[in-house]
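Descriptive structure summary
Below, each chain spelled out in residue letters.
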Amino acid sequence: MGFLTWIIKKIGKTIGRNTSSLFYALLYREIFKEIYEITDNVEKSIEIMRYVGGEASLESLKRQTAILKFLPGEPDRVLKYFEVIWTIVFGMPLGDYEMEETKIEGAPYPEIRLKIKQCPVCGGYGSDKEDTVRFDKMKKDIDGMACGFIGMIEKVINYLLALKNNDFRMKIKEEKCFAKGDDILQFKCDIVSLEDLRLEIPSVEISEDTELQIAAYDLMLEEGPQKESILDKIRQKIDLDRIEEFIDGPLDSVKSRLSNLIRDKMHMEPEEFFDYFTNYERDLFKIAGYLGVHLLNEYGGLVEKFLSNNTFAKVAGYIFKQIQETYKIFIPLDVIDDYHQLFVEFLRNLAPEEMVEQFELLTAIEAADLIFEGAQGALEDLGINFEELKENIWEELKRQPPPEDEIGLAAEEIKGKGHTLIQIFQEVLMLINSILSLPVRMILAREHESIKTVIESTTSGGDVLESIKTHADKIFEYLEEMRA
Amino acid sequence: MNYSRADLVQATSASNQMRNAVYHLIRFMRREKVEDIRERLRRMGKNIALTFSRYWLPNVPLTKETLKSIVKDIYQTIFKSKIVPEVDFDKKILRITDSKCCLCKYNYPDIDIAGCEVIEGLLPTYVDILNKQFPQRTTISLRPSSVVKSKAVGDTHCLQRFEIIVK
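Description of the structure in this document. The numbering scheme is per chain: residues are counted from 1 as the chain's sequence reads. For this description, chains carry letters from A and ligands carry numbers from 1, given in the order in which they are written. With pLDDT at 70 or above as the cut-off, local features in this predicted model cover only qualifying residues; side-chain atom pairs require 80 or more to be listed or tallied, and sums for whole chains, interfaces and linings still use all residues. As a rule here, side-chain values come from all non-hydrogen atoms in the structure, and water together with hydrogens is ignored.

Considering the overall build of chain B
To keep things clear, this is the line we draw: Counting from the N terminus, the helices are DSSP H or I runs at least four residues long and the strands are E runs at least two residues long. For the exposure calls, accessible area comes from a 1.4 Å probe over protein chains only, and a residue counts as buried if that area is under 20% of its type's maximum, exposed if over 50%, partly exposed in between. The contact criterion used throughout is that any non-hydrogen atoms of two residues lie within 4.5 Å.
Assigned secondary structure in chain B consists of 5 helices and 5 strands. Listing the helices and strands of chain B from first to last along the sequence gives α-β-α-α-α-β-β-α-β-β. Residues classed as buried in chain B amount to 56% of the 167 residues present. A sequence separation of at least 24 residues applies to 64% of the contacts in chain B between residues at least 6 apart.

Describing the sheet that holds strand β3 (residues 93–98) of chain B
Residues and elements named next belong to chain B. This is how the line gets drawn: For two strands to count as paired, DSSP must find a minimum of two bridges between them. Between N-to-C directions, angles cover 0 to 180 degrees, with each direction set by a line fitted to C-alpha atoms, over the stretch in contact for helices.
The strand order across the open sheet formed by 4 strands is β2-β3-β5-β4, and the pairing between neighbours is antiparallel. Each edge of the open sheet is held by one strand with a lone partner, namely β2 (84–88) and β4 (140–149). Between one strand axis and the next, the sheet turns by 20 degrees as a mean value, whatever way the strands run. Where β4 lies against strand β5 (residues 158–166), 8 bridges are found, and the strand directions are antiparallel. By the bridge assignment for β5, Ser146 is matched with Arg161. Strands in contact with helix α5 (residues 117–133) are β3, β4 and β5; relative to β4, the strand with the most contacts, it is inclined by about 170 degrees.

With respect to the sheet that holds strand β3 (residues 111–116) of chain A
All names here are of chain A. Taking strand neighbours across the sheet as the criterion, the 4 strands line up as β2-β3-β5-β4 in an open arrangement whose pairing is antiparallel. Looking along the sheet, the strands with just one partner apiece sit at the ends: β2 (97–102) and β4 (168–176). The average undirected angle you get between the axes of adjacent strands in this sheet is 20 degrees. In this sheet, β3 lies alongside β2 in antiparallel orientation, the contact comprising 6 bridges. Counterpart to Tyr97 in the pairing with β3 is Ile116. Sitting on the sheet, helix α6 (residues 82–90) is in contact with β2, β3 and β5 (185–193), with an inclination near 55 degrees to β3.

Describing the packing of aromatic side chains
All names here are of chain A. The cut-off we apply is this: Only centres within 6.5 Å qualify two rings of Phe, Tyr or Trp (six-membered ring in Trp) as a pair; their planes then separate them into stacked at under 30 degrees, edge-to-face at over 60, and tilted for everything else.
A full pass over the atoms with the stated rule returns 19 aromatic pairs over all chains. With a centroid separation of 5.1 Å and an interplanar angle of 45 degrees, the aromatic rings of Phe32 and Phe135 are classed as tilted. Here Phe32 is found in helix α2 (residues 21–39), whereas its partner Phe135 is found in the loop between β3 and α7 (147–163), with 103 residues between them in sequence. Summarising the burial analysis for this pair, Phe32 and Phe135 share the class buried. Relative to Phe168, the ring of Tyr109 has its centre 5.0 Å away and its plane inclined at 85 degrees; by these criteria the two rings are edge-to-face. In this pair, Tyr109 is assigned in the loop between β2 and β3 and Phe168 in strand β4, connecting sequence segments 59 residues apart.

Shown next, in the form of structure tokens:
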């Protein structure tokens, strides 16, 4: 369970009014018994209990719309949050459960079955003489005792789908029930389009008996708001599912996006795509550097425009060469190595194993040098002629002709004076470079370590999240104690 | 393995949906032209007490001195609610003020019967069972009287009244 899911469950449980779970179960039983006594018909009672549960849930949902909007709005993704929905509806842990998906040919969504090991409404049912309704004598193909509960859950999911303007709704059926003698509680979830649901209605004969059925359809067909606020649009982009994905595994999230991109655009599996580059691992780094510069230029062709001026191109060329030569002084090797490791981890399970091994064999410095080599190629394309450049900018300055006002002085004297001045200037700059390299390395290393520590502890189930969970758990416990 | 009723006594559940469900049941009963809705709600409470008491019962005999604390204990264990009980043995009235009643929270303009009528049925039954468990020379029992105030009908808190019978 993700951290955000956990926190939402805790908040949901703490905010709501709580009673003993046995009182909840017995009140549920009594409501069903009253309905059954009035209708004297099991099937109709189940239908009404479902409706009552759905209406009860809808009432709360309308009060808590803002929180719900953070849940994902696609039927299959919303079921990933079944545990949260269960907790919101029931306020008790779901416990062990299994989700089984069956693909249906031609259908956009699979058929989903939820197998729940513990049911609070059926818990202990049949052991007391007040348990008068015999669910075990009911037909197998109709819902069981959890019918009202299903009404609640179905309503939460469909309200959410309507809220997110989704064109699908979920129909849940209770296939197995403890009170009917089964050993689990099993829900079958069918994802149906609004269009199909609308077609089902005319087939229902409208009579007094089917009044509730029609009302239930009305609730299911309820449409979401036509106007969306900016906040709604943001929530569509960053729903709980996506935030959770990012917190739990930022690398996995990027990996999955890249995989989807390769599948969509290249029409091939990521491994197949990366396989084209097997044995060309070094070139991949060069390509990364090359594409990096070209991508930078994509923003209005600014790099190319800047380099179209010969002087600017030369200055940029010298700066690039300077960086290429001095990055090792300024950036600690550990930092470079960490990024190299991150890259290798990123490729794991995405690229062929052989390729990942090759990348691991390359040293971090080698990889960085290859990236620079690729970037140099791109800069050449954009206007820098590296062949024209001297060893360093000082050599370039030495080549400049003497100023006009100095013409007349002895050529040798000017040459000697200029050369010495440049050499002094160059040495002073190199000295500043060396002096600055130490604090810069310290700052970079410190910042890198700080970020690394935070990321490691939040993404790999590290101590920070665990500690937050432990303390938050205690706060929620105390809050519950205070409220009790 | 599924829960047993004993497991469920100490566990807590969010009561929001079930509270709402009680009012939808009342609406359903009205639609079906049921006339004794109040009595039915009290009967529900009675049945709940009969079952619940098999899994939990205060471990103290009911006397004039213990009535208040036992009532508090019952509300705390079953409804997780802190109440203020007022006992008047002269007028033979027990008044319970519950500002966080688990069955009433919102005002429903279409409703004139409070959900806590269920409690009017539950508490006297619980007291009767306790008396059977710990027989006393002087027996104190309760009889449902009325829900004087309820959040469901627009009041700021719930006030349940019971008649005290001393034998």
